Amino acid sequence: QVQLVESGGGLVQAGGSLRLSCAASGRTFSDYAMGWFRQAPGKEREVVAHISRSGGSTYYAGSVKGRFTISRGNAKNTVNLQMNSLKPEDTAVYYCAADDRQFVRSRPDYWGQGTQVTVSS
């Protein structure tokens with residue numbers, strides 16, 4: 001079992017930045033690919049970015065590419081999402097996810113509880 005706890009959400013103006021963090025516990029962190037998903041009101045949950053077990057491979061959704069950066073620290077059991085140049089359409093609940101695979105699937109094994117990100121125009 002893996003427990004995931006997100007932090008770092010909040011309210012920011014358009015053009016601003018936020019850094020989300022996810023702390024993992026319960027299993028060997030480097031066994032899991034990690035990712036960030038988001039869900040806006042009335043919309044389906046979507047993948048934002050994910051990173052492989054070693055951190056050597058990353059994926060970004062087209063809507064965030066060039067603005068968001070995912071990173072992981074296997075020594076500290078954390079995964080981060082640096083979000084720059086935020087837009088109102090980035091407003092959503094952001095979820096950390098872990099998957100016992102080389103890469104995160106659309107339905108990963110574990111989810112965090114979510115953290116709200118609100119971008120005002």
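This one's a predicted model, so the numbers in the text were calculated from it and none came from an experiment. (Residues numbered from 1 in each chain as written. Predicted model: local features only at pLDDT ≥ 70, side-chain atom pairs only at ≥ 80, totals over all residues. Heavy atoms only, no water.)

Colleague: I tried to follow the nonpolar core on my own but got confused; where do I start?
Modeller: Side chains that are nonpolar tend, in soluble globular proteins, to be buried together. Among the nonpolar cores identified, the biggest contains 31 residues, and Leu4, Met34, Trp36, Leu81, Met83 and Tyr94 are the most heavily contacted of them. Those elements giving two or more residues to this core turn out to be β3 (18–25), β4 (33–39), β5 (46–51), β7 (68–73), β8 (78–83), β9 (92–99) and β11 (115–120). With residues near it in sequence (within four places) discarded, leucine 4 still touches Cys22, Ala23, Ala24, Met34, Cys96, Ala97, Ala98, Tyr110, Trp111, Gly112 and Gln113. (Core = buried A, V, L, I, M, F, W, Y, C linked by side-chain atoms within 4.5 Å. Buried < 20%, exposed > 50% of the residue type's maximum accessible area, 1.4 Å probe, protein only. Helix = DSSP H or I, 4+ residues; strand = E, 2+ residues; numbered from the N terminus. Contact = heavy atoms within 4.5 Å.)

Colleague: I'm lost on the side chain of asparagine 80 in this one. Help?
Modeller: Tracing the sequence through the fold places asparagine 80 in strand β8. A distance of 2.8 Å separates the side chain of asparagine 80 from the side chain of serine 21, its partner in a polar contact. If sequence neighbours within four positions are ignored, asparagine 80 has contacts with Arg19, Leu20, Ser21, Trp36, Thr69, Ile70 and Ser71. (Polar contact = N/O pair within 3.5 Å; in protein donor to acceptor, adjacent residues only side chain to side chain.)

Colleague: What am I meant to see in unusual backbone geometry here?
Modeller: With glycine set apart, most residues show a phi of negative sign, and most peptide bonds adopt trans. Not every positive phi belongs to a glycine, and asparagine 77 is a case in point at roughly 55 degrees. You can see asparagine 77 is positioned in the loop between β7 and β8. Judged by its relative accessible area of 25%, asparagine 77 falls in the partly exposed class. Phi angles above zero are rare outside glycine, and serine 85 is one such case at about 50 degrees.

None of this, on its own, says anything about what the molecule does.
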